[in-house]
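Geometric and topological summary
Here is what each chain is made of, one letter per residue.
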Amino acid sequence: MKRIYLDHGATTPMHPQVLEAMLPFFGQVFGNPSSIHSFGREARRALEESREKTALALGAAPGEIIFTSGGTEADNLAIQGVAEALSGKGRHLITSAIEHHAVLDTFKALSKKGFEVTLLPVDRYGMVDPDDLVSALRDDTILVSVMMANNEIGTLQPIEELSRICREKGVYFHTDAVQAIGNIPVNLKELPVDLLSLSAHKFYGPKGVGALFVRRGTKLGKLFFGGGQEKKQRPGTENLPGIVGLAKAIELAVVDIPGKAAAMAALRDRLIGSLLEQIEEVQLNGHPVQRLPGNVNVSIKYVEGEGLLLDLDLKGIAASSGSACTSGSLEPSHVLMACGLDHQTAHGSLRLTLGHNNTAEDVDYAVEIIKGSVARLREMSLLYKNYRRKNDNPQTGEEETSCITKK
Ligand SMILES: *Cc1c(COP(=O)(O)O)cnc(C)c1O
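Criteria and cut-off values
Residues numbered from 1 in each chain as written. Predicted model: local features only at pLDDT ≥ 70, side-chain atom pairs only at ≥ 80, totals over all residues. Heavy atoms only, no water. Near = heavy atom within 4 Å. Polar contact = N/O pair within 3.5 Å; in protein donor to acceptor, adjacent residues only side chain to side chain. Areas by Shrake-Rupley, 256 points an atom, 1.4 Å probe, with all protein chains shown as cover. Helix = DSSP H or I, 4+ residues; strand = E, 2+ residues; numbered from the N terminus. Nonpolar A, V, L, I, M, F, W, Y, C, P; charged D, E, K, R; others polar. Pairing = 2+ DSSP bridges. Axes fitted to C-alpha atoms, helices over the stretch in contact; angles between N-to-C directions. Contact = heavy atoms within 4.5 Å. Buried < 20%, exposed > 50% of the residue type's maximum accessible area, 1.4 Å probe, protein only. Right-handed = clockwise from strand over helix to strand, strands pointing away.

1. Let's talk about the site of the ligand
T72, D176, Q179, S199 and K202 are the nearest of the 13 residues found near the ligand. Q179 is positioned such that a nitrogen or oxygen atom in its side chain is 2.7 Å from an oxygen atom of the ligand. Measuring from an oxygen atom of the ligand, one finds a side-chain N or O atom of S199 at 2.6 Å. Here the ligand has 390 Å² of accessible area as a free molecule, and 87% of this is covered by the chains. Per element, the largest residue contribution to the shell around the ligand is three residues, and it comes from helix α3 (residues 71-86). Here the residues of the shell around the ligand are counted per class, giving two nonpolar, eight polar and three charged.

Shown next as structure tokens:
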């Protein structure tokens, strides 16, 4: 059976050059970077070269990169680390309502430890209003964290403006850039963020490795205690194969971002256009323009998202509803709810995230399959039958008009 992977927001396949770069570090180069002998020095050299490559790709200095076990740890280290380091200065924290759970749940945990957390709302496209940030800032605010690109709906936040507001007030600004790296240019020489999280497996690198950018001079506590690795900020023997893979992946990811993003956005718009045109009662979630080049998120009325996903999987289409972490639960996506969707519409959401290997043929094939699945599922839906009846005989229809419009 033909299988098409449209879930690059959950994870990406490793780039062959990344795998190639990593292989020696599972074999002959096995030394501990902290050892002083030649085996250790060889490993240390690879570690520091990886740090330099990673820093270069971001416009950072090597000393500003801390390798972690992934995006979740980077988010935790940034948020818990600042909360700990600055708790004497203030106990007020600000984040947005649509963050990834790695951020949101960390703030939730801190709110149980005596910190006060303000959640910034978003508009119906999932966008934070910088004026809301200005109003939320207080004298005791110590950290603001707003993601660069949303993992469910792809909305890109005005990070430049938000971070500038914080810089002017002397408040630390963290951004979860896990979805952004490789999709939108990030230059930390110009962007006034203090902390930035990334994760290798979201940009064609290995799983279980990420990094936190910590701008020089930023005060930060730590999560773990142990050895002196990563300037004592993140002790534990380094995951050298993973770190080498991350460095290779980010080096490749930042080559010609505008070119790659334009090609992917064209595919994305082809997919969005086809879904909206060929299936009735479909709405696009997220921002129509300010969105990740590979992100499509639609709500398909009279269809239950999880049911659609299972049916698509049987036919070889790998997609997702909301985020991978919340699928399986019956809670509607907190992101879609924050955008003001009702429960039913939020439950009918389908996320399709494109990657560099996807083609126009993949997109057209997926649309055909989705069309078939939606038609079959709707045949079994009483709500849909009612809708059809009212739509076909408008004079007898009493139901108020749907808030979902087919564009
Ligand atoms: C995937 C993801 C994370 C978590 O990264 P892991 O490396 O899987 O722990 C955090 N934030 C966002 C926005 C993500 O998409």
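2. Structural notes on the sheet that holds strand β7 (residues 195-199)
Strands sit in the order β2-β8-β7-β6-β5-β3-β4 across an open sheet of seven strands; the sheet is mixed. Edge positions in the open sheet fall to β2 (65-68) and β4 (116-120), since each of these has one partner strand only. Across the sheet, the mean angle separating the axes of adjacent strands is 20° when strand polarity is ignored. Across the sheet, helix α6 (residues 159-169) is in contact with β5 (141-145) and β6 (172-176); its angle to β6 comes to roughly 155°.

3. Thoughts on the pairing of strand β3 (residues 92-96)
β3 sits mainly inside the fold: five of its five residues count as buried. Burial along β3 is two-sided: H92, I94 and S96 and L93 and T95, pointing in opposite directions, are all buried. Here five bridges tie β3 to β4, and the two strands are oriented parallel to one another. If you follow T95 over to β4, its bridge partner there is L119. The handedness of the β3 to β4 crossover, carried by helix α4 (residues 101-111), is right-handed. Here β3 pairs with β5 via four bridges, running parallel. Within β5, the residue paired with L93 across the bridge is L143.

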